[in-house]
Amino acid sequence: MADQISNWEATIDLPAELGRVREFGVTVIIQESSSYPKPLREIHAPPIVPFTFGANWKERDHHAIGIIGARRTTHYGMESAKKLAYQLAYAGLTVVSGLARGIDTAAHQGALAAKGRTIAVIGSGLAKLYPAGERCSRRENSLWNGAMYPNSSMEIEPDRQTFPMRNRIISGWSHGILVVEAGLKQRCAYHGGTGARTGSFGFTRCPVHINAPSAMGSNRLIQQGAKLVMDASDILDDMQILLPETKPLPEAASRQLPPLSEEERRIYDAIDASETPIDSDCRQVRFASGVVSSTLLRLELKRHVKQLPGKYFVKLG
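Residues numbered from 1 in each chain as written. Predicted model: local features only at pLDDT ≥ 70, side-chain atom pairs only at ≥ 80, totals over all residues. Heavy atoms only, no water.

**Examining unusual backbone geometry**
Phi angles above zero are rare outside glycine, and Leu99 is one such case at about 65°. Position of Leu99 among the secondary structure elements: in the loop between β4 (94–97) and α5 (103–113). When its relative accessible area of 7% is taken as the criterion, Leu99 is described as buried. Despite not being glycine, Lys115 has its phi angle at roughly 60°, a positive value. By the secondary structure assignment, Lys115 is in the loop between α5 and β5 (118–121). For Lys115, a relative accessible area of 59% corresponds to the exposed category. (Helix = DSSP H or I, 4+ residues; strand = E, 2+ residues; numbered from the N terminus. Buried < 20%, exposed > 50% of the residue type's maximum accessible area, 1.4 Å probe, protein only.)

Written as structure tokens, this is what we have:
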């Protein structure tokens, strides 16, 4: 190890690495920096030099909930993750997840639909986003408010060491971990991360079919004592001691349907009395497809519209 330290220039091309950092617009943070995330200072062996992208950490990001789960998940799992992330972000929590397919992506989408905060902790170098088919544009933070890779290289490939590190950061950043739907391997990852922060809570979504491979881990966690969650209020009730000023959920605030923003009103009005496809909405309102999708998710969670198979929507009430 001493030989590697003293001869580091023989194996590391520092000018090339710094060039990639500048090209991607990445920020490198050291522990002595005032911008180093405070929650990570509290965990064992915090990342020494994390790489961040698109990140403007806010004080409210210290109050976070981690949402994780299976990549190969069910429709039920995806919709549950979106709904719970939406409600938790609406209440003021920052949603932290891993940007993988499935539950992670749904969690980021739900938080953004609520116009809340969400942070992606990535299990590879920022130049090697995983999985390749899910890579997001470096210029368009379509699924996060900030992204972090907790190691110090842009080109690190994902492997068995990087993902446990990612899970530890998600857990360390969060006051609690919500496992929406997870196989047995995700259950192990959850157990490996829960000790990262003192006083953190463990939650899991209400049981799924006992024979579903994507839910065996989360069902087992319930059996072993994780709190069963049927609604975001189940999580907020436990966290009130930490977060006394969280906003009430839309359902708890009023029995009436929440009012619509101008953007939501335009898209709501574009939906016919009959089933309306999402591409028809895009043509009528002339918004980008991503804006239409996130707005429709907000309308669905506010119970103004309902999504049908094939990405068709109908008005409710």
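**A look at the packing of aromatic side chains**
In this structure the tally under the stated criterion is 0 aromatic pairs. Residue placement shows Lys315 over the ring face of Tyr268; its charged tip is 4.7 Å from the ring centre. (Phe/Tyr/Trp six-rings, centres within 6.5 Å; stacked < 30°, edge-to-face > 60°. Lys NZ or Arg CZ within 6 Å of the ring centre and 35° of its normal.)

**Let's talk about the nonpolar core**
Grouped together as the largest cluster of nonpolar side chains are 26 residues, with contacts concentrated most on Ile65, Ile67, Leu88, Val95, Leu178 and Ile235. Contributing elements (two or more residues each) for this core: β3 (64–68), α4 (75–90), α5, α9 (232–239) and α13 (289–301). By residue number, the principal contributor to this core is α4, which donates 6 residues. Of all hydrophobic cores here, the second largest spans 19 residues; its members include Trp57, Met148, Ile169 and Leu221. (Core = buried A, V, L, I, M, F, W, Y, C linked by side-chain atoms within 4.5 Å.)

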